[in-house]
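# Structure at a glance
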Amino acid sequence: MPDQPMINPGIPMNETAIEVVNTPFSSLHYYECKVILQPQHFVTAQAFRDFWKIVRHSAKKFDVTVKEADDGFDNQVREVLFFDTPGFDLYNHHFIVRLRTFYKGGWPDGLPELTVKFRHPEFETAAAVDVRPATPGARIRIKFKEELLPLREGLGGLRSVFSHNCVLAMPREQVDMAVADLTRSFPALLQAKAKSDERLALVNDFAVEEVQVNVGELHFGHGIKAKATIAVWRDRQHERPICGEFAFQCQFDRREDLHRESLKRAADFYKTLQLDAYEWVTLGATKTAIVYGLGQQASTNHE
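Residues numbered from 1 in each chain as written. Predicted model: local features only at pLDDT ≥ 70, side-chain atom pairs only at ≥ 80, totals over all residues. Heavy atoms only, no water.

## Comments concerning helix 1 (residues 46-60)
Going by this rule: Helix and strand definitions follow DSSP, with helices as H or I runs of at least four residues and strands as E runs of at least two, each counted in order from the N terminus. Here a helix's expected span is defined as the number of its residues, less one, multiplied by 1.5 Å. Each residue is placed in one exposure class: buried if its accessible area under a 1.4 Å probe, protein chains only, is under 20% of its type's maximum, exposed if it is over 50%, and partly exposed if it falls in between. Relevant arc is that of directions from the helix axis to the C-beta atoms, nothing else. We call two residues in contact when some of their heavy atoms are within 4.5 Å.
Helix length check: helix 1 (15 residues) gives 22 Å between terminal C-alpha atoms against 21 Å at 1.5 Å per residue, within 8%. All buried positions along helix 1 are accounted for by Ala47, Phe48, Phe51, Trp52, Ile54, Val55, Ser58 and Ala59. In an axial view of helix 1, the angular spread of the buried residues amounts to 155°, which keeps them on one side of the axis. Across from the buried face of helix 1, at angles greater than 90 degrees, the exposed residues are Lys53 and Lys60. Contacts from the buried residues of helix 1 go to strand 1 (30-37), strand 2 (65-68), strand 10 (208-221), strand 11 (224-235), strand 12 (240-251) and helix 5 (260-276).

The following block contains the structure:
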């Protein structure tokens, strides 16, 4: 049976199992808490250290153990590109197509990573979408996450979106394709009902330069630990920041292995961090939504 979501970790969950269309990858294996941060803070690398001080301050209030990595403030650079039809048919139907290239020493480090994801506020809807490619034997990773975000209307709360991801390596030139080619490879995208002869294009002609630091880990007790990262997204052409993000993510094999008290500690820390960092937080947005909002074409997907 698929897992139940962590919508209110401090409140006993409904014991009734959620019935979904059962795909081989319909169980949650990740919880990720995200806070979108205002871009004006990210003018130098010092911003990473400044925000990490706030994280440490909030962690002390809940006896959350902070373990900083030896290389926690080494910059990791990636290029992030989003592709869609001119009318944003994919995103308007909750699909995201993203190509991410990792760099090392100024050069691409391996093949770019293509992610096709379906992200939706309803667990049952997200769990039911089979994001696997049609090609059998393809080397892929499936990641089904519950992503926690602040409430749209104010600080100190949380809301969930559920992200069903398929990740695989793909050369950049292969992304230059028509919708018919994409849906042939990923049948789930047929749900977007995009015109088959339209070609994918770079969303708003915008290339993201992501600079991320893998700061360390947060330990919430009973074996629950989360990788913590801070990142800034910049306009690659002008080096102008468009947003930052703090995130921490834990991975697990079985939902029932997660201790309720530790989940509550993680949720309380997350909600308090928003209040402690109120001058930094951007509400009602995701990084993807910010990129889609940069042009004249409006999207109907309000994440």
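## Quick word on the nonpolar core
Selection rule: Nonpolar cores are built from buried Ala, Val, Leu, Ile, Met, Phe, Trp, Tyr and Cys residues. Side-chain atoms within 4.5 Å join them into one set.
The biggest cluster of nonpolar side chains holds 72 residues, and the ones touching the most others in it are Phe51, Trp52, Leu218, Phe246 and Phe248. When residues of this core are assigned to their parent elements, the largest contribution, 7 residues, is made by helix 1. Not counting residues up to four positions away in its chain, the partners in contact with Leu218 are Trp52, Val55, Val64, Thr65, Val66, Ile224, Lys225, Ala226, Ala228, Phe246, Phe248 and Phe269. Grouped together as the second largest cluster of nonpolar side chains are 16 residues, Ile36, Val203, Phe206 and Ile290 included.

## Digging into the packing of aromatic side chains
Our working rule: Pairing of aromatic side chains requires ring centres within 6.5 Å, counting the rings of Phe and Tyr and the six-membered ring of Trp. Pairs whose planes differ by under 30 degrees are stacked, by over 60 edge-to-face, and all others tilted. Whether a charge sits over a ring comes down to the Lys NZ or Arg CZ being within 6 Å of the ring centre and within 35 degrees of the ring normal.
Applying the stated criterion to the full structure yields 17 aromatic pairs. Between Phe42 and Phe48, the ring centres sit 6.0 Å apart and the planes meet at 55°, which makes this aromatic pair tilted. The same class applies to Phe42 and to Phe48, which are both buried. An aromatic cluster of three or more residues is present, and its members are Phe42, Phe48, Phe51, Phe220, Phe246, Phe248, Phe269, Tyr270 and Trp280. One residue, Arg49, lies across the ring of Phe73, its end atom 4.1 Å from the ring centre. Its end group placed over the ring of Tyr30, Lys143 keeps NZ or CZ at 5.1 Å from the ring centre.

## Some details on the pattern of salt bridges
Applicable threshold: The rule for a salt bridge is simple: a side-chain nitrogen of Lys or Arg has to be within 4 Å of a carboxyl oxygen of Asp or Glu.
Evaluation of the coordinates by the stated rule reveals 23 salt bridges. Arg141 is the salt-bridge partner of Glu113, the closest N and O atoms lying 2.8 Å from each other. Separated by 28 residues along the polypeptide, Glu113 in strand 6 (residues 113-120) and Arg141 in strand 7 (residues 141-149) bring together distant segments of the chain. The class of Glu113 is buried, set by a relative accessible area of 13%.

## So, unusual backbone geometry
One can expect most non-glycine residues to show negative phi and most peptide bonds to be in trans. Despite not being glycine, His222 has its phi angle at roughly 55°, a positive value. You can see His222 is positioned in the loop between strand 10 and strand 11.

## Side note on the environment of Pro108
Secondary-structure assignment places Pro108 in strand 5 (residues 107-108). A C-alpha to C-alpha distance of 33 Å links Pro108 and His219, two positions 111 residues apart in sequence.

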